[in-house]
Structures are given as C-alpha cells and as structure tokens.
Amino acid sequence: QDYVTGAVQNKSEGFYSNFSFPKPNETDSSLKRGYAKFFEPWGWILCTGIYTDDVEKIVQKEITEIIVLNITLILITLFFTYWFSRKKIVQPLENIISRLKEMASSGGDLTQKIQIESNDEIGVLATVVNSMLDNMRQLIKQISQTSEQVAAAAEELTASSEQSAQVTEQVAEIITNVAAGSE
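Along each chain, the written sequence defines residue order, and numbers are assigned to residues from 1. pLDDT decides what is reported in this predicted model: residues at 70 or higher carry local features, side-chain atom pairs at 80 or more are listed and counted, and totals for whole chains, interfaces and linings draw on all residues regardless. The basis for the side-chain values is all heavy atoms of the structure; hydrogens and waters are excluded.

Draft legend 1. Structural view of helix H3 (residues 121-181). The terminal C-alpha atoms of H3, which comprises 61 residues, lie 88 Å apart, in line with the 90 Å expected from a rise of 1.5 Å per residue. Those residues of H3 that fall on the buried side of the exposure criterion are Ile 122, Gly 123, Ala 126, Val 129, Asn 130 and Leu 133. Regarding H3, its N-cap is Asp 120, as a side-chain oxygen of that residue lies 3.2 Å from the backbone nitrogen of Ile 122 further along. What counts as a helix is a DSSP run of H or I of at least four residues, what counts as a strand is a run of E of at least two, and both are numbered from the N terminus. One fewer than the residue count of a helix, multiplied by 1.5 Å, yields its expected span. To sort residues, take the accessible area from a 1.4 Å probe on protein chains only and compare it with the maximum for the residue type: under 20% means buried, over 50% means exposed, and anything in between is partly exposed. Here a polar contact means two N or O atoms within 3.5 Å. Within protein one must be a hydrogen donor candidate and the other an acceptor candidate, and residues neighboring in sequence count only if both atoms are side-chain atoms.

Draft legend 2. Representation of the confidence of the model for the protein in the model. A residue's pLDDT is the predictor's confidence in that residue, given on a scale from 0 to 100. Confidence in the prediction for the protein averages 86 pLDDT; 98% of positions are at 70 or higher. In the model of the protein, helix H1 (residues 2-9) stands out as the element of lowest mean pLDDT, 75, in contrast to helix H2 (residues 52-105), which has the highest, 91.

Draft legend 3. Focus on the pairing of strand E3 (residues 44-51). Pairing between strand E2 (residues 29-39) and E3: eight bridges, direction antiparallel. From the neighbouring strand, Tyr 35 faces E3, where its bridge partner is Thr 48. Strand pairing is defined by DSSP finding a minimum of two bridges between the two strands. In this antiparallel pair of consecutive strands, E2 and E3, the connection spans four residues, and Gly 43 shows a positive phi of 70°.

Draft legend 4. Molecular detail of the nonpolar core. Counting residues in each nonpolar core, the largest one holds eight residues, listed as Ile 96, Met 103, Leu 110, Ile 114, Ile 122, Ala 126, Val 129 and Leu 133. Mapped onto this core, the elements with two or more residues apiece are H2 and H3. A per-element tally of this core places H3 first, with four residues. Not counting residues within four places of it along the chain, the set of residues in contact with Ile 122 comprises Lys 88, Ile 89, Pro 92, Leu 93 and Ile 96. We define the nonpolar core as a collection of buried residues of types Ala, Val, Leu, Ile, Met, Phe, Trp, Tyr and Cys that are connected through side-chain atoms lying within 4.5 Å of one another. Note on contacts: a residue pair is in contact if any heavy atoms of the two residues lie within 4.5 Å.

Draft legend 5. The environment of Tyr 35, seen in detail. Examined against the element boundaries, Tyr 35 turns out to sit in strand E2. We classify Tyr 35 as partly exposed; its relative accessible area is 22%. Separated by 29 residues in sequence, Tyr 35 and Gly 6 have C-alpha atoms that sit 9.5 Å apart. Looking at Tyr 35, its side chain comes within polar contact range of the main-chain oxygen of Glu 13, at 3.0 Å.

Draft legend 6. Quick look at the pairing of E2. With burial as the criterion, only one face of E2 is covered, namely that bearing Ser 30, Lys 32, Gly 34, Ala 36 and Phe 38; the residues Ser 29, Leu 31, Arg 33, Tyr 35, Lys 37 and Phe 39 on the opposite face remain uncovered. Looking at chain direction, strand E1 (residues 15-22) and E2 are connected through eight bridges and run antiparallel. By the bridge assignment, Tyr 16 is partnered in E2 with Tyr 35. Taken together, E1 and the strand that follows it, E2, pair antiparallel across an intervening segment of six residues, in which Asn 25 is found at a positive phi of about 65°.

Draft legend 7. View of a nonpolar patch on the surface. Only residues whose relative accessible area exceeds 30% and that take part in no salt bridge are eligible for patches, with like-charged residues grouped when within 9 Å of each other and nonpolar side chains (Val, Leu, Ile, Met, Phe, Trp, Tyr) grouped when within 5 Å. Reported accessibility uses the Shrake-Rupley method at a 1.4 Å probe radius. Residues are deemed covered only where the shown protein chains occlude them. Salt-bridge detection follows one rule: a side-chain nitrogen of Lys or Arg within 4 Å of a carboxyl oxygen of Asp or Glu. Together, Ile 50, Val 55, Val 59, Ile 63, Ile 67, Ile 71, Ile 74, Leu 75 and Leu 78 line one region of the surface with nonpolar side chains, adding up to about 770 Å² of accessible area. Here the element with the most residues in the nonpolar patch is H2; it accounts for eight residues. Along the polypeptide, Ile 50 turns up in strand E3.

What follows is the structure, given as structure tokens:
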C-alpha cells in the first residue's frame, strides 16, 4: 500500500522504501530496499527491490579490489622509484666517489678521469670534478716548473757564493801578503 501511494505521489522520481522481507529459503527477515514507479500510460505501478546486505557485499568486494589495486600500484611505484634512484643517482655517485678514492689512495694520481655517462646533474658533477682535476694537473705542472727554476737559481747562487768565498780568500791572502811585505 505504501508503494502505491508513494509511486502515485512521486510520479517523476519514483518512491523508495525500506522494509524487512525473508530471502528465498530463509525464515528470518532481512532488510530490503524497494523502489516503485508509476507508469501512467498503462496505469501500472512497477516495483523492485534488493536486499541491502547483498549490496553491501558487492560494495565491500569492490572496496577490497580497489585497495588491493592501490597497494599493488604503490608497491610497483616504490619498486620503480628505488630502481630508478639506484640506477640514475646512487650508482653514478658511487662511481664518482670510488674513482676519487682510487685517485687519493694511489698517491694522488691525477691522470685518471671520471667517465661521464649522462647529461643530468650527476654528469655535470663528473664534468666539474674532471675540470678540477685538469686544473690541479696544470697547477702541479706550474709548481714543478717553478721549483725547477728555483733549484737552478739556487745552484747559481751557490756557485756565486763559492766564487765570492774564493775571491774573499784571495783578497785576504793579498792583504796578508801586503801586510807582511810592509813589515
């Protein structure tokens, strides 16, 4: 009766109602949601209903599937992020650090270069380190040349001071001879 009254009063949108009704082959009542709509051309009232616990089972199943899908996508994203960061960030940095340690432990061998494998920030870092190594090589070369020049000048100074010492000895000897001759 409520369906008929509700359907006639709400012709455009229809009428919803909650009630209890036993499922087939069951004696206990279950909550059911019904819908009734008045079909004016024939004067009929069409009614349908569904058990709400059936809907809740379907919704729960969908929620579980969405959660599993989201967790799977998160795990795939985390795996890809880990792999990408290892391959594109950590490994190139470890390569640079390893090469620098190798240079330092081999007595400062500055003839080695870091292999540049990318044009990203890591590649720029490797380029800057290689440029710094080139500058250090040039600086050490200049220091070596300057120290050779200083060594040559020191030899000349030593030779000059030896000559000065000989001349001084000769002058002292002459003075001694002159002093002895004037006595």
